[in-house]
Amino acid sequence: MIIRIVKLRIREEYIENFRQLTNNERNDILNFPGCHHLEVKQEVNEPTLFFTISHWDDEKALNHYRESDFFRGNWSTVKQWFNAKPEAWSLQ
């Protein structure tokens, strides 16, 4: 199993949009084969900073999700809201 952590900085005017999008698409992501857990956390003292934490069977399952039309559509929306380049880590 791998844990994927993604650090996202969202422009202040899009924070609520980001919250709504992640809430609305949470179950869709969890239904991808190999995804067992998903959290979206917001930094308490820096409201534009978010982290997504997801658990995947392996890198193959994560890449299947990342290469999907669903992810590409979601990412094309969210990347317009970024305040900085996202950072990501896959951990064992």
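See above for the structure.
Residues numbered from 1 in each chain as written. Predicted model: local features only at pLDDT ≥ 70, side-chain atom pairs only at ≥ 80, totals over all residues. Heavy atoms only, no water.

## Re the layout of surface pockets
And then number 1: The calculated volume of the largest pocket comes to roughly 450 Å³.
And then number 2: Lining the largest pocket we find 23 residues, and of these Val6, Thr52, Tyr65, Phe71 and Trp75 sit closest to its centre.
And then number 3: Counting residues per element, the ones that place at least two in the lining of the largest pocket are strand S1 (2-9), helix H1 (15-30), strand S2 (35-42), strand S3 (49-56), helix H2 (59-66) and helix H3 (69-78).
And then number 4: With six residues, H1 is the largest single contributor of residues to the lining of the largest pocket.
And then number 5: Looking at the lining of the largest pocket residue by residue, the class counts come to 15 nonpolar, four polar and four charged. (1 Å grid on protein atoms, 1.4 Å probe; cavity = no way out; pocket = protein on both sides within 12 Å on 5 of 7 lines; lining within 4 Å. Points joined across faces, edges and corners; volume = space filled by probe spheres on them. Helix = DSSP H or I, 4+ residues; strand = E, 2+ residues; numbered from the N terminus. Nonpolar A, V, L, I, M, F, W, Y, C, P; charged D, E, K, R; others polar.)

## Re the side chain of Glu25
And then number 1: Along the chain, the position of Glu25 falls in helix H1.
And then number 2: In this structure Glu25 is buried but unpaired, with Arg26 as the nearest side chain of opposite charge at 12 Å.
And then number 3: Those residues in contact with Glu25, other than ones at most four positions away along the chain, are Phe70 and Asn74. (Buried < 20%, exposed > 50% of the residue type's maximum accessible area, 1.4 Å probe, protein only. Lys, Arg positive; Asp, Glu negative; His and termini not counted. Salt bridge = Lys/Arg side-chain N within 4 Å of Asp/Glu carboxyl O. Contact = heavy atoms within 4.5 Å.)

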